[in-house]
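Chains, contacts and geometry: an overview
Now for the letters of each chain:
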Amino acid sequence: MPPALSHIDHWIFDLDNTLYPASVRLFDQIDVKMGDYIARLLDVDRIEARRIQKQFFHSHGTTLSGLMQAHGVEPGDFLDYVHDIDLEVIDEDRALVEAIGALPGRKFVFTNGDAPYARRVLDRLGLGASFEAIHDIHACDYVPKPERISYEAMCRTFEIKPDRALFVEDMARNLKPAKAMGMVTVWVNNGSERGSHEADSGFIDFEIEAVTPWLAGIVEAA
């Protein structure tokens, strides 16, 4: 490993727009489904539904968190609906599979989505057997990133030592708690929605455009 990463033996990855490129626009499908759900739930038109959706996303970290707090939405029902999408747009990424497999230590996925959806995405990428565990929104008791309590819960559950961990994420603001806890942070700056919001070099150690070439380069150098 490069000197700056020689101490890392816990590798933590966000899922959406991180382990696959934002350019596949998978989240656009989820975006539409969330709008449909809100329109039906609140009996509003698509324009108002989108306004409410984005307001919750910006103010609560996730649309789900806002809907739960403001309207008592049952999370399982919402997640099942919005994640019922076409994953054919995602291709297997053998280079990523090999790079993650070559990393020393334990590997995890930390997502504001849920584990069943995450497993489907990982299977499409060829990463179904690459991670020890998925820490999802259910495990976070529906408190999403970037709330520090969710990071602490993950570390307790899997006995992760933050000062030996690296966290990769496309939403810059989600790296702030990780850095404060002692993790090495990697921002995937790939143009995902609100990805650069609150970005600050004070809590970002590495800025990359895509995970696969960056990890492949690390492994090759090692």
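Residues numbered from 1 in each chain as written. Predicted model: local features only at pLDDT ≥ 70, side-chain atom pairs only at ≥ 80, totals over all residues. Heavy atoms only, no water.

Here we look at the nonpolar core
The nonpolar side chains of a soluble globular protein tend to be buried with one another. Of all hydrophobic cores here, the largest spans 51 residues; its most connected members are Phe13, Leu19 and Leu215. For Leu19, the contacting residues outside a window of four places in its chain are Phe13, Asp14, Leu96, Ile100, Val109, Leu122, Leu125, Leu127 and Phe131. By size, the runner-up hydrophobic cluster in this structure holds 20 residues, among which are Cys140, Phe167, Met183 and Ile204. (Core = buried A, V, L, I, M, F, W, Y, C linked by side-chain atoms within 4.5 Å. Buried < 20%, exposed > 50% of the residue type's maximum accessible area, 1.4 Å probe, protein only. Contact = heavy atoms within 4.5 Å.)

Concerning the sheet that holds strand β5 (residues 184-188)
Ordered by their spatial adjacency, six strands build an open sheet running β3-β2-β1-β4-β5-β6, and the pairing between neighbours is parallel. Across the chains shown, the open sheet's two edge strands, defined by having one partner strand only, are β3 (133-135) and β6 (206-208). Within the sheet, the average angular offset between the axes of one strand and its neighbour, ignoring direction, is 20°. Lying over the sheet, helix α7 (residues 148-158) contacts β1 (10-13), β2 (106-110), β3 and β4 (165-169), oriented at roughly 155° with respect to β3. The strands touched by helix α9 (residues 211-221) are β1, β4, β5 and β6; relative to β6, the strand with the most contacts, the crossing angle is about 125°. (Pairing = 2+ DSSP bridges. Helix = DSSP H or I, 4+ residues; strand = E, 2+ residues; numbered from the N terminus. Axes fitted to C-alpha atoms, helices over the stretch in contact; angles between N-to-C directions.)

Examining a negative patch on the surface
On the surface, a cluster of negative charge is made up of Glu74, Asp77, Asp80 and Asp84. Along the chain, Glu74 falls in the loop between α3 (63-71) and α4 (75-82). The partly exposed category is assigned to Glu74, whose relative accessible area is 47%. (Patch = residues over 30% accessible without salt bridge, like charges linked within 9 Å, V, L, I, M, F, W, Y side chains within 5 Å. Areas by Shrake-Rupley, 256 points an atom, 1.4 Å probe, with all protein chains shown as cover. Salt bridge = Lys/Arg side-chain N within 4 Å of Asp/Glu carboxyl O. Lys, Arg positive; Asp, Glu negative; His and termini not counted. Charge placed at Lys NZ, Arg CZ, Asp CG, Glu CD.)

Section: the packing of aromatic side chains
Enumeration according to the criterion identifies eight aromatic pairs in this entry. Geometrically, the ring pair formed by Phe13 and Phe131 is edge-to-face, given 5.9 Å between the ring centres and 70° between the ring planes. Linking Phe13 in strand β1 with Phe131 in the loop between α6 (115-125) and β3, this pair joins segments that are 118 residues apart in sequence. Each member of the pair, Phe13 as well as Phe131, carries the same accessibility label: buried. Ring geometry for Tyr37 versus Tyr81: centroids 5.9 Å apart, planes at 50°, classification tilted. Taken together, the positions of Tyr37 in helix α1 (residues 26-42) and Tyr81 in helix α4 put the pair 44 residues apart, joining distant regions of the chain. Given a relative accessible area of 4%, Tyr37 falls into the buried group. Through a chain of ring-to-ring contacts, the aromatic side chains of Tyr37, Phe78 and Tyr81 assemble into a single cluster. (Phe/Tyr/Trp six-rings, centres within 6.5 Å; stacked < 30°, edge-to-face > 60°.)

Remarks on the pattern of salt bridges
Oppositely charged side chains can pair when the atoms bearing their charge come close. Inspection of the entire model under this criterion finds 14 salt bridges. As a salt-bridge pair, Lys145 and Asp14 come within 2.9 Å of each other at their nearest N and O atoms. Of the two residues, Lys145 is situated in the loop between β3 and α7 and Asp14 in the loop between β1 and α1; the sequence distance between them amounts to 131 residues. By the burial criterion, Lys145 is buried, and Asp14 matches it. Measuring nitrogen to oxygen at the nearest pair gives 2.7 Å for the salt bridge that ties Glu132 to Arg106. Separated by 26 residues along the polypeptide, Glu132 in the loop between α6 and β3 and Arg106 in strand β2 bring together distant segments of the chain. On the accessibility criterion, Glu132 (45% relative accessible area) is partly exposed. Here the residues in one salt-bridge network are Asp31, Arg50, Lys54 and Glu193, joined through shared partners.

Examining α9
Turning to α9, its buried residues are Val211, Thr212, Trp214, Leu215 and Ile218. In this structure, the buried residues of α9 make contact with β1, α5 (94-102), β4, β5 and β6.

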